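Now for the letters of each chain:
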Amino acid sequence: MIRHGPPRMGQDDRVTAVDLTDPGLYRTGFPHPVFDRLRAEAPVWRHPDTPGTDALGGSFWVLSRHTDVQAVSRDPQTFSSLDGPALLGTSPERQSRMLVTMDPPDHVRMRRLISAGFTPRMTARLEEQAREWAVAIVEGALARGDVDFVEEVAYQLPMHMIADIMGIPVADRPRIFELAATVITAPDPRLGVDTSAALDAQVELYTYAHELGAEKRRCPADDVWTTLTEAAVEQPDGTTTSLEEIELDLFFLLLTLAGSETTRSAITGGLVALLDHPDQLARLAAEPALMSGAVDEIVRWTSPVTYFRRTVTADTEIDGVRIPAGDRVTLWYPSANRDDAVFTDPHRFDITRTDSAHVAFGGGGLHYCLGANLAKREIRVMFEEILARVGSIEITGEAEWSVQGLGNPITTFCSHLPVRLSPR
Ligand code: HEM
């Protein structure tokens, strides 16, 4: 069971004395006691300048309530995505070049394009593919017995699924996903990633994306990378153009990362939650019809994305608090998902919950997670195969957490979880 100590606020016991940029808060997951107090005492809170915020472009607003996360997500006119979802911001040449740094109408056109990549034929294939991968992954882990659940089980299914969808050959996957992880974590100054190593990773990743695109043009396939490299993007004047090189590069990065890291965390956190709540695990094993609700509860409970950020385009008010144009607001999904205004007894893990309107995939609106259905399907299939094949799972060592700092919206995740599996 993962437990959090009291909020770290030093001598000052007001919750607003907390520094959310302090990595110490996230060493074993999210600081829910801090979030509880923020929702109650300072739901619309301007985080003060601290040494931690200096590296992130200064102070920002923290929205911790479910209702505010939803309202901001659904108002792209007032709350722009142009400067990106991370506090670190987006360089001008990357703005409006990928879904997460776009506002309407560009966003609508780009989203239509990628949605066309998820063809009905491909969607139908996904269930069968996910099941084949899950069986192979679980059987392989069972054969080894002692495994790192995160790397050898939870990560494998989302990585292979998004790679299948994109059309990345199996042999290339470990290297490509390692590069994508380096590129995305490198800008966080706290990690001290060597700049030249990060640049090399970026060059290698994008070179690969170009070569894969050339291959798809030579031999088109029923996959998303073929769709995107051949795509005709509709312009406001009605003409069409291809995606530019930088847009393809950023799509490649977005899909490889968004499609793998978050779902890995949900599967890992889901296993830990079920082992921590044996009554829930037993019910799920006995009543497979509960699986769909269990998946939503796992996603609510784990909330793998810490926050997404927006920029205020015109002076506005949230809950009576004035927020000037140009300020940055952050939407704290793990906090909103434990809001007792929406969820009864929110800190109870309950797979039969009916109040399941969580915001782990975003608060609704244009940017709502493109892969939500895919992620839920992967989590469901993985736990179905674990329940069908594994007799017992024992956690055999300390879980390790990766704490990346608020530069990255995926601030914290369980990176290693040693387990021993035995077959049914
Ligand atoms: C449990 C797993 C996942 C979680 C918790 C998650 C969470 C999120 C969140 C919070 C957003 C931002 C929504 C907003 O700004 O309103 C998002 C956007 C996005 N997600 Fe996911 N995601 C997951 C899995 C996936 C997968 C498997 C894919 C693969 C296709 C994916 C692709 C995307 C993309 C492309 C966007 C940007 C959408 C846009 O800006 O229009 N996600 N996701």
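### A few points about the site of the ligand
Taken together, 30 residues surround the ligand, and among them T262, G362, H367, C369 and G371 come closest. Taken together, the elements giving at least two residues each to the shell around the ligand come down to α7 (156-166), α11 (245-258), α12 (261-276) and α16 (372-389). When the residues that make up the shell around the ligand are grouped by side-chain class, the tally is 20 nonpolar, nine polar and one charged.

### Observations regarding the nonpolar core
The biggest cluster of nonpolar side chains holds 103 residues, and the ones touching the most others in it are L63, L331 and Y333. Ignoring sequence-local partners within four residues, the contact set of L63 consists of V44, D68, V69, V72, I318, V329, T330, L331 and W332.

### Observations concerning the environment of T90
Examined against the element boundaries, T90 turns out to sit in the loop between β3 (79-80) and α4 (106-117). On the neighbour-count criterion, T90 (19 C-beta atoms within 10 Å) is partly exposed. Not counting chain neighbours up to four residues away, the residues in contact with T90 comprise D83, G84, Q95 and T101.

### Re unusual backbone geometry
Note the cis peptide between P104 and P105, where omega equals 5 degrees. Of note in the backbone geometry, S96 takes a positive phi value of approximately 60 degrees without being a glycine. Relative to the elements of secondary structure, S96 occurs in the loop between β3 and α4. Residue S96 is classed as partly exposed on the basis of its C-beta count, with 16 C-beta atoms lying within 10 Å.

### Comments concerning the confidence of the model for the protein chain
Residue-level pLDDT values for the protein chain average 91, and 95% of them are 70 or greater. In this model residues 1-7 is a low-confidence stretch, pLDDT under 50, and it forms 16 contacts with partners more than four residues away in sequence or in other chains.

### So, the sheet that holds strand β4 (residues 146-148)
Within the open sheet, the three strands sit side by side as β4-β14-β11. Their pairing is antiparallel. Lying at the two open borders of the sheet, with one neighbouring strand each, are β4 and β11 (390-395). The mean angle between the axes of side-by-side strands here comes to 35 degrees, regardless of whether they run parallel or antiparallel. Pairing of β11 with strand β14 (residues 418-423) involves five bridges; the strand directions are antiparallel. Opposite V390, over in β14, you have P423 as the bridge partner.

### Some remarks on the packing of helix α9 (residues 195-218) against α11
In contact at an axis separation of 10 Å, α9 and α11 are set at 105 degrees when each is read in the N-to-C sense. Between α9 and α11, the angle falls in the class roughly perpendicular. Contacts between α9 and α11 involve L205, Y206, A209 and G213 from the first element and L248, D249, F252 and L253 from the second. A class-by-class count of the residues in the contact of α9 with α11 yields six nonpolar, one polar and one charged.

Each value, and the rule that gives it
Position numbers for residues count from 1 along each chain, tracking the sequence in the order it is written. For this predicted model, a pLDDT threshold of at least 70 governs which residues receive local features, and a threshold of 80 or more governs which side-chain atom pairs are given and counted, while totals over whole chains, interfaces and linings are taken from all residues. Residues are counted as near a molecule or strand when the C-beta atom, derived from backbone positions, lies within 6 Å of that molecule or strand. Secondary structure elements follow DSSP: runs of H or I no shorter than four residues count as helices, runs of E no shorter than two count as strands, and numbering proceeds from the N terminus. Only Asp, Glu, Lys and Arg are considered charged in this grouping, and only Ala, Val, Leu, Ile, Met, Phe, Trp, Tyr, Cys and Pro are considered nonpolar; every other residue, Gly among them, is considered polar. Here, a nonpolar core means buried Ala, Val, Leu, Ile, Met, Phe, Trp, Tyr and Cys residues linked by C-beta atoms lying within 7 Å of one another. Here a residue counts as buried when 20 or more other C-beta atoms fall within 10 Å of its C-beta, as exposed when 12 or fewer do, and as partly exposed in between; the C-beta atoms come from the backbone. Here, residues touch in the contact sense if the C-beta positions derived from the backbone fall within 7 Å of one another. Values of pLDDT, ranging from 0 to 100, describe the predictor's confidence in every residue of the model. In this analysis, strands are considered paired if DSSP registers two or more bridges between them. Fitted lines through C-alpha atoms give the axes, limited to the stretch in contact for helices. The angle between two N-to-C directions lies from 0 to 180 degrees. For classification purposes, an angle smaller than 35 degrees is called roughly parallel, one larger than 145 roughly antiparallel, one from 65 to 115 roughly perpendicular, and anything else oblique.

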